[in-house]
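Take a look at the letters that make up each chain.
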Amino acid sequence: MGLRLLGYLFNLPTAVIYGSLSLFVSILHNVFLLYYVDTFVSVYKIDKLSFWIGETVFLIWNSLNDPLFGWLSDRVFLSTQQSGVKISSPDVILKRLKALSRNGPLFAFSFLAFWVSWAHPGLQFLLCLCLYDSFLTMVDLNHNALLADLAVSAKDRTSLNFYCSLFSAIGSLSVFMSYAVWNKEDFFSFRIFCVVLALCSVAGFTLATWLLRQRFETEEKVKWDQESTLKELYIEQPSAPLEKRITLGEYLKQLSRHRNFLWFVCMNLVQVFHCHFNSNFFPLFLEHLLADRISLSTGSFLLGVSYIAPHLNNLYFLSLCQRCGVYAVVRGLFFLKLALSTLMLLAGPDQVHLLCIFIASNRVFTEGTCKLLTLVVTDLVDEDFVLNRRKQAASALLFGMVALVTKPGQTFAPLIGTWLLCAYTGYDIFQRAPLSNMVSAQPKLESDTAWEPTLRQGCFYLLVFVPITCALLQLLSWSQFSLHGRHLQMVKSQRQSLTQSRSPEIKMI
């Protein structure tokens with residue numbers, strides 16, 4: 001039975017094993033996004049100053065660690081000819097898999113550090129965020145870089161992304177299960193649940209990376225044997241002049257001339273902000289806009305659907321991408337976000353059914369767009385490879401540079417959201433007393449009639465005006481992006497021809 005299972009695992013397609021890595025990230029990361037702020041604010045009672053200091057330091061580290069880790073990972077690929085070392089595609093893939101096999105389990109263990117109080121809340125908040133994000137960054141960079149390294153054609157990359165979305169949807173089921181054990185007053189069951197999730201993630205990363213490494217180590221061995229056999233048949237090429245090693249400053253100068261990269265990161269900064277704004281404030285919107293109008297089970301259903309539906313919906317978006325192209329699908333999603341938000345603004349906060357649909361669909365389409373943008377970054381990897389005539393595509397480094405500019409949106413989302421809410425309504429999420437107690441403590445003639453409607457109105461305006469603003473800014477940036485259509489096809493064909501032209505010629509026998 002064990003041998004049969006092992007044989008079945010060995011025969012799984014590479015795309016399935018690659019996609020399964022998304023499962024072992026999403027089962028943890030969705031729970032993290034949903035509960036980490038509430039845990040520190042409501043359970044550990046972090047003070048407002050410590051929260052802001054932690055988020056500010058996290059903002060800096062969150063922005064810098066992506067390009068730092070990307071540079072450490074891919075700097076050798078920018079100067080292979082200078083160093084005299086030839087790096088093949090299987091070598092690159094094995095290097096990334098080794099990094100995943102090491103950092104995946106560490107990422108799972110860092111997830112557990114959030115759910116046990118082991119230091120002052122402010123210090124623990126800071127250390128947990130930075131540690132967790134460091135390992136998540138290493139996992140994301142290498143996983144996303146593999147998407148560009150395993151395939152060049154849009155069809156193959158779409159297939160890889162399809163399985164990522166499928167497994168991410170399965171991983172989102174952890175949100176449904178977490179809702180059943182989440183209890184601020186009794187944290188024990190939730191902690192056990194998190195330990196089980198982390199152990200599943202460790203086992204999954206270990207098995208999936210081992211399977212992929214076995215596959216590509218076998219491929220590399222076959223290739224090595226073929227090269228040894230044909231070595232004396234190669235035409236000796238005149239030695240190429242040594243190239244100057246590319247420094248980080250020179251690489252940044254190259255990126256500053258990469259027009260499509262600049263417009264993409266402008267658009268993606270807004271997208272990252274909107275995605276995390278939805279994640280951070282989804283429970284708040286449910287509580288103050290719908291809590292007294294829908295049942296608890298309906299609220300739980302909306303919460304679960306908002307995490308699972310983006311991945312399932314993305315399966316349909318990927319099929320659209322194959323027919324219409326990623327650029328057209330993303331542009332259509334921006335127009336849809338603008339139209340739905342405008343419609344909700346005109347309808348007002350009293351249309352309960354429409355409000356339920358909008359709150360869920362807003363998160364679904366926003367998260368769906370985020371998943372598609374990984375394909376755009378892989379296209380930018382191809383264009384960077386062609387424009388700068390690289391010896392090997394620096395996939396992880398480019399993903400890191402994208403994150404350098406866009407990751408601040410992840411920290412800006414809770415900071416700007418809480419500031420806007422407090423500025424408009426006077427409601428502070430860090431207040432220790434429940435809102436109902438504060439209302440009752442005020443004079444009846446004023447507070448009962450003014451506070452709650454103002455808070456509800458403030459949540460509603462925050463809900464609709466943020467996506468409207470984001471959509472307008474993104475449509476402006478996306479209209480300047482030219483890496484699509486014929487230009488994209490030309491870039492892909494040039495990358496394939498450049499890669500093939502560097503293979504050694506064989507003497508005629």
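Our structure is the block above this text.
In what follows, the accompanying structure is described. Predicted, not measured: the structure shown is a model, and the values here were computed from it.

Helix and strand content of the chain: 19 helices and zero strands. The buried share of the chain, reckoned over its 509 residues, is 52%. Excluding contacts between residues fewer than 6 apart, the proportion of contacts in the chain whose partners are at least 24 apart in sequence is 87%. About 23,500 Å² of surface is accessible on the chain, with carbon and sulfur atoms providing 65% of the total.

Before going further, it helps to spend a moment on unusual backbone geometry. Even without a glycine there, the phi angle at Lys45 is positive, about 60 degrees. Summarising the element assignment, Lys45 is placed in the loop between helix 2 (14–43) and helix 3 (48–74).

This paragraph deals with the environment of Leu373. Position of Leu373 relative to the elements: it lies in helix 14 (residues 352–387). When the C-alpha atoms of Leu373 and Asn268 are compared, they prove to be 8.1 Å apart, with 105 residues separating the residues in sequence. Discounting residues that sit within four places of it in the chain, Leu373 has contacts with Phe264, Met267, Asn268, Gln271 and Val330.

A word on the pattern of salt bridges. Within this structure, the stated rule accounts for 11 salt bridges. Asp379 serves as the salt-bridge partner of Arg157, at 3.6 Å between the closest nitrogen and oxygen. You can see Arg157 sitting in helix 7 (residues 154–171) and its partner Asp379 sitting in helix 14, a full 222 residues away along the chain. Using a relative accessible area of 1% as the deciding quantity, one classes Arg157 as buried. Between Asp350 and Arg456 there is a salt bridge, and its shortest N-O distance comes to 3.6 Å. Here Asp350 is found in the loop between helix 13 (326–347) and helix 14, whereas its partner Arg456 is found in helix 18 (residues 444–478), with 106 residues between them in sequence. Taken together, the salt bridges that share partners define one network made up of Arg157, Asp379, Asp382, Lys492 and Arg495.

Tallied over the full model, the rule gives one disulfide. Looking at the unpaired Cys324, the closest cysteine sulfur is the one in Cys321, lying at 8.2 Å.

Thresholds, definitions, all that
- Residues numbered from 1 in each chain as written.
- Predicted model: local features only at pLDDT ≥ 70, side-chain atom pairs only at ≥ 80, totals over all residues.
- Heavy atoms only, no water.
- Helix = DSSP H or I, 4+ residues; strand = E, 2+ residues; numbered from the N terminus.
- Buried < 20%, exposed > 50% of the residue type's maximum accessible area, 1.4 Å probe, protein only.
- Contact = heavy atoms within 4.5 Å.
- Areas by Shrake-Rupley, 256 points an atom, 1.4 Å probe, with all protein chains shown as cover.
- Salt bridge = Lys/Arg side-chain N within 4 Å of Asp/Glu carboxyl O.
- Disulfide = S-S within 2.5 Å.

Geometric values such as these leave the question of function open.
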